[in-house]
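Residue-level structure breakdown
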Amino acid sequence: VDVVCGPLLTLVVFNPFKSRRELLIDLALIAVIQVGALAYGIHTAYQARPLFLVHEVDRFRAIGMPDFGNENDVKAALKGLEPSLQPRWHKGPITVGIRIPNTREERQSVLFESIFGGRDYSQRPEFYIPYDEVEKERVLRRARPAKNFAAHYPKQSADLQEILKKTQTSMEKAFFLPVQQKQEWVAILNDSAIILGFLPGDGFEVPCMEIQLPCTG
């Protein structure tokens, strides 16, 4: 929009019979419109950017500010996180896990709200915990061999090999989990549950084994 905006408006308003002053005013107004469009686009992208990559049982979920719902409640919850888990404008998404509910009432509250279209655990910062060794163990329990992904999506095999080569990881020590967001992606992991990279593809369609039906988690 910003690239088209300038030339298009210039063609619309340009008139060789206009005075130099009128042309300068027109070009100044077009520049203002371009700057406004650019500022709006940057603001929209900034608000929609993923803040967290949350591990949920058998997948990761990319969470941005729009996913949280009530902004005031979320800001308070985000401020309550430890410093290493608080999002920063200059940082990418922070990988986190989800703690177990402390009480039965807490579990039921989230369950009932999520059933009726409310927020689930991944959309509640108060449940976020560091992506530490305990969480990594949970990830590896559900992670599947990367070779299964390569067999199901042969077109992604070269990109997968490139990721493994850059990170010096063998195929036998590479795994994957689906990433839930607007498009279908998977996170490539090593045997320490460290995320090595991402590839397009629906991880839930990948069979657990060559002769099995797709895994459903």
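First things first, this report covers the structure right here in the doc. (Residues numbered from 1 in each chain as written. Predicted model: local features only at pLDDT ≥ 70, side-chain atom pairs only at ≥ 80, totals over all residues. Heavy atoms only, no water.)

**Section: helix 5 (residues 133-142)**
Along helix 5, the positions that sit buried rather than exposed are Glu 135, Lys 136 and Val 139. One side of helix 5 holds all its buried residues, which, seen down the axis, span an arc of 100°. With respect to the buried face of helix 5, the exposed residues turned more than 90 degrees away are Glu 133 and Arg 141. (Buried < 20%, exposed > 50% of the residue type's maximum accessible area, 1.4 Å probe, protein only. Helix = DSSP H or I, 4+ residues; strand = E, 2+ residues; numbered from the N terminus. Arc of directions from axis to C-beta.)

**Digging into helix 4 (residues 104-115)**
Its twelve residues place the ends of helix 4 16 Å apart at the C-alpha level, agreeing with the 16 Å of an ideal helix rising 1.5 Å per residue. Following helix 4 by one or two positions, Gly 117 adopts a phi angle in the positive range, close to 85°. (Expected span 1.5 Å × (residues − 1).)

**A few points about the pattern of salt bridges**
Scanning the entire structure with this criterion turns up six salt bridges. One salt bridge in this structure joins Asp 26 and Lys 18, with 2.6 Å as the shortest N-O distance. Owing to a relative accessible area of 26%, Lys 18 belongs among the partly exposed residues under this scheme. The shortest N-O distance in the salt bridge between Arg 99 and Glu 106 comes to 3.0 Å. Overall, Arg 99 belongs to the buried group, its relative accessible area being 19%. Salt bridges sharing common partners tie together Glu 113, Arg 124 and Glu 126. (Salt bridge = Lys/Arg side-chain N within 4 Å of Asp/Glu carboxyl O.)

**A word on the nonpolar core**
Core analysis: the largest hydrophobic core is formed by 17 residues, its most contacted members being Phe 52, Val 54, Phe 68, Val 96 and Tyr 128. Counting only elements with at least two residues in this core, the list comes to strand 1 (50-56), helix 3 (71-79) and strand 3 (94-98). Not counting residues up to four positions away in its chain, the partners in contact with Phe 68 are Leu 51, Phe 52, Ile 63, Val 74, Arg 119, Ser 122, Gln 123, Pro 125 and Tyr 128. In terms of nonpolar packing, the next biggest core, distinct from the first, is built from 15 residues, Leu 164, Met 171, Leu 199 and Val 206 among them. (Core = buried A, V, L, I, M, F, W, Y, C linked by side-chain atoms within 4.5 Å. Contact = heavy atoms within 4.5 Å.)

**Here's the deal with the packing of aromatic side chains**
A full pass over the atoms with the stated rule returns six aromatic pairs. On the basis of an interplanar angle of 55° and a centroid distance of 6.3 Å, the ring pair of Phe 60 and Tyr 131 is categorised as tilted. Here Phe 60, found in strand 2 (residues 59-64), pairs with Tyr 131, found in the loop between strand 4 (128-130) and helix 5; they are 71 residues apart in sequence, far enough to count as distant. The exposure class of Phe 60 is buried, given its relative accessible area of 0%. On the basis of relative accessibility, which here comes to 16%, the residue Tyr 131 falls in the buried class. Through successive ring pairs, a cluster of aromatic residues spans Phe 52, Phe 68 and Tyr 128. Sitting above the plane of the Tyr 46 ring, Arg 49 keeps its charged end 3.9 Å from the centroid. For the cation-ring pair, Arg 99 lies above Phe 127, with the distance from its terminal atom to the ring centre recorded as 4.2 Å. (Phe/Tyr/Trp six-rings, centres within 6.5 Å; stacked < 30°, edge-to-face > 60°. Lys NZ or Arg CZ within 6 Å of the ring centre and 35° of its normal.)

**Topic: the layout of surface pockets**
By volume, the largest pocket amounts to about 350 Å³. Glu 56, Val 57, Ile 98, Arg 99 and Tyr 121 are the residues nearest the centre of the largest pocket, which is lined by 14 residues in total. Only strand 1 and helix 5 provide two or more residues apiece to the lining of the largest pocket. Considering every element that reaches the lining of the largest pocket, the biggest residue donor is helix 5, with four residues. (1 Å grid on protein atoms, 1.4 Å probe; cavity = no way out; pocket = protein on both sides within 12 Å on 5 of 7 lines; lining within 4 Å. Points joined across faces, edges and corners; volume = space filled by probe spheres on them.)

**Things to note about the pairing of strand 7 (residues 185-190)**
By the criterion of burial, strand 7 is predominantly enclosed, with five of the six residues buried. Following strand 6 (residues 174-180), the chain reverses through four residues before pairing antiparallel with strand 7. Relative to strand 8 (residues 195-200), strand 7 runs antiparallel, the two being bridged by five bridges. Counterpart to Val 186 in the pairing with strand 8 is Leu 199. The hairpin turn running from strand 7 into strand 8, its antiparallel successor, is four residues long, and Ala 193 in that turn takes a positive phi close to 65°. (Pairing = 2+ DSSP bridges.)

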